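# A structural walkthrough
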Number of protein chains: 2
Amino acid sequence: MDHSGKRQAGTLGGAAGKPSASDDTRSTKGGQTAARVCKAALHLFARHGYAAVSMRQIASEVGVQPGALYNHFATKQDILKALMLEHMGALLQAWEACRGTVPEGTDLLEVFVRFHIRYHLSRSEEVFISYMELRNLEPENFAAVERLRQIYEAILTGILEDGMSQGRYRIEEPRVATRAIIAMLTGIPAWYRETGSLTAGRIETIYLDMVRGSLGAAPAFTAGESG
Amino acid sequence: MDHSGKRQAGTLGGAAGKPSASDDTRSTKGGQTAARVCKAALHLFARHGYAAVSMRQIASEVGVQPGALYNHFATKQDILKALMLEHMGALLQAWEACRGTVPEGTDLLEVFVRFHIRYHLSRSEEVFISYMELRNLEPENFAAVERLRQIYEAILTGILEDGMSQGRYRIEEPRVATRAIIAMLTGIPAWYRETGSLTAGRIETIYLDMVRGSLGAAPAFTAGESG
DNA sequence: ATTGAAAATGAATGATCGTTCATTTATTTT
DNA sequence: AAAATAAATGAACGATCATTCATTTTCAAT
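Notes on the structure follow. For clarity, every value in this text was computed on a predicted model and none was experimentally measured. (Residues numbered from 1 in each chain as written. Chains lettered and ligands numbered in written order. Predicted model: local features only at pLDDT ≥ 70, side-chain atom pairs only at ≥ 80, totals over all residues. Heavy atoms only, no water.)

Turning to the relation of the copies chain A and chain B, a few remarks are in order. Overlaying chain A on chain B yields an RMSD of 0.0 Å, the required transformation being a rotation through 180° with an accompanying axial translation of 0.0 Å. Such a combination of rotation and displacement between the chain copies is what one expects of a two-fold axis. Comparing contact sets, 100% of the residues at the interface of chain A also lie at the interface in chain B, consistent with an isologous, same-surface contact. (Least-squares fit on C-alpha atoms with pLDDT ≥ 70 in both. Contact = heavy atoms within 4.5 Å.)

Here is the structure:
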């Protein structure tokens, strides 16, 4: 326990310090290694699980010696933490962006369900890791991820409560309904394959109908695509 | 790769060889170690994950030296395999028993939903392991577990299709609906706590209503307990 | 009591783990 | 071009891993 200062970049995503001048194609191979580490770890963790993946495997996938990883992340745990926090942050940010583009009066339940399915299908590895590897997070990191997860849940709970107060849904326990719906939707990437007979749009419609039904809402009348 | 013959008992559960005479309290400590190994592994795998648990930890929990484990299981993988196959087998067996006691004409959907919730709440560690550790199973063992899982799914699909053909449900894709419902129900143990404000019976009722709604069934009219 | 098998021990196997570090190489800043 | 900083190397650290095995202990059957 002395991974104090050093100089890990780690957070990836965007220029951290001072890349002032040229922004794109940062010379030959500037600080992109951290991002490649994340990407390699993402795939390996998703496939074999955090505990079953070694730093040597990650390094090998990146094409670098194991010791080099520690120029970017202080510990293996920090890689997992970065992946999960980044995913949850991106999810919340993507929802805010999605909601921002929605016209007044739109059925937010439909927007949420479609958004959730679409986002989770497009980021299935991040999603998979983010709730398979929760128990491998140290308590502090777990708490941080859990906080974000609860914020996301609260979004749907809010939508349900709004609908209840307008008499559009018949819900006994909005918190329970929230968990039921999210579990139902989040299960999709576990079996859905693009090569299958169902398009993503049809999946959205089917699940939207089921969600509406489970809330006692008036059926049908989905906006976009149809079966 | 030479764990050929040896003499592992392993399968636990019931008297294997020839305990003919006395059946209960098998002398002092007959062949119960295998069962204690399973129980210890169950708790440890559920808490920390298969890959993160060492044979030494399991042995320590059993109160035995690591080498002694190999009198009962050829490999660590065999412990996981035993846990998962045993769980899936017990689940299917419990369903058959449950269905056997049900009078003619009963709503099988309600029976199934209540059974699933009740069983999964009472065996949350087995359930947790059985779909968290699927990827840690060697291909052959994975296939065996997956086969049982599909049999279980087919039970619900059959119930849905029966209801469809009788015009009681409005379902677009019974296979999809099956996965949606099972994901919804299986998510319960992840958050439900006996110490919470909701009784298990009330959970059953809430979820049953949601499931019925999601299938476009006529609402309410649940038989047993009510909110 | 004696025999034989099953179970447990205790020590060892080679492999692999996360991590460290002095040093070299590459890149950026001056 | 020189100095400074960042990144990567290659080798090593102690610890722990799953598993093996000769030996001893425990137990059930004779």
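Topologically, Ala90(A) is positioned in helix H3 (residues 76–100). Residues within four places of Ala90(A) in sequence aside, it is in contact with Tyr119(A) and Arg123(A). (Helix = DSSP H or I, 4+ residues; strand = E, 2+ residues; numbered from the N terminus.)

Next up on the list: the packing of helix H4 (residues 108–122) of chain A against helix H7 (residues 174–186) of chain A. Residue and element names in this part refer to chain A. The interhelical angle for the contact between H4 and H7, taken along N-to-C directions, is 40°, at an axis separation of 10 Å. As summarised for this structure, H4 and H7 are arranged oblique, according to the angle between their axes. Both H4 and H7 take part in a crossing whose hand is right-handed. Residue-level inspection shows Val 113, His 116, Ile 117 and His 120 of H4 in contact with H7, the latter providing Ile 182, Leu 185 and Thr 186. Partitioned by chemical class, the residues of the contact of H4 with H7 number four nonpolar, three polar and no charged. (Axes fitted to C-alpha atoms, helices over the stretch in contact; angles between N-to-C directions. Parallel < 35°, antiparallel > 145°, perpendicular 65-115°, else oblique. Left-handed = near helix turned anticlockwise from the far one by under 90°. Nonpolar A, V, L, I, M, F, W, Y, C, P; charged D, E, K, R; others polar.)

Bringing the packing of aromatic side chains into the picture now. Residue and element names in this part refer to chain A. Inspection of the entire model under this criterion finds 12 aromatic pairs over all chains. Ring geometry for Trp 191 against Tyr 192: centres 6.2 Å apart, planes inclined by 80°, an arrangement best described as edge-to-face. Of the two residues examined, Trp 191 and Tyr 192, each falls in the buried class. An aromatic cluster is defined as three or more aromatic residues linked by ring pairs; in this entry it consists of Trp 95, Phe 112, Phe 115, Tyr 119 and Tyr 152. The side chain of Lys 76 reaches across the aromatic face of Tyr 50, ending 4.5 Å from its centre. (Phe/Tyr/Trp six-rings, centres within 6.5 Å; stacked < 30°, edge-to-face > 60°. Buried < 20%, exposed > 50% of the residue type's maximum accessible area, 1.4 Å probe, protein only. Lys NZ or Arg CZ within 6 Å of the ring centre and 35° of its normal.)

Within the secondary structure, Asn136(B) sits in the loop between helix H5 (124–132) and helix H6 (139–165). Taking relative accessible area as the criterion, Asn136(B) reaches 16% and is therefore assigned buried. Side-chain polar atoms of Asn136(B) contact the side chain of Glu133(B), separated by 2.6 Å. Not counting the four nearest positions on each side in its chain, Asn136(B) is found in contact with His48(A), Tyr50(B), Gln77(B) and Leu80(B). (Polar contact = N/O pair within 3.5 Å; in protein donor to acceptor, adjacent residues only side chain to side chain.)

A few words on the pattern of salt bridges. This structure, assessed with the given rule, holds 26 salt bridges over all chains. The closest approach of N and O atoms between Glu133(A) and Arg135(B), which form a salt bridge, is 2.8 Å. Of the two residues, Glu133(A) sits in the loop between helix H5 (124–132) and helix H6 (139–165) while Arg135(B) sits in the loop between H5 and H6, which places them in two different chains. Residue Glu133(A) is classed as buried on the basis of its relative accessible area, which comes to 2%. The salt bridge involving Arg123(B) is made with Glu126(B); its shortest N-O contact spans 3.4 Å. With a relative accessible area of 18%, Glu126(B) lands in the buried category. Taken together, the shared-partner salt bridges in this structure form one network comprising Asp107(A), Glu110(A), Arg114(A), Arg118(A), Arg168(A), Glu204(A) and Arg212(A). (Salt bridge = Lys/Arg side-chain N within 4 Å of Asp/Glu carboxyl O.)

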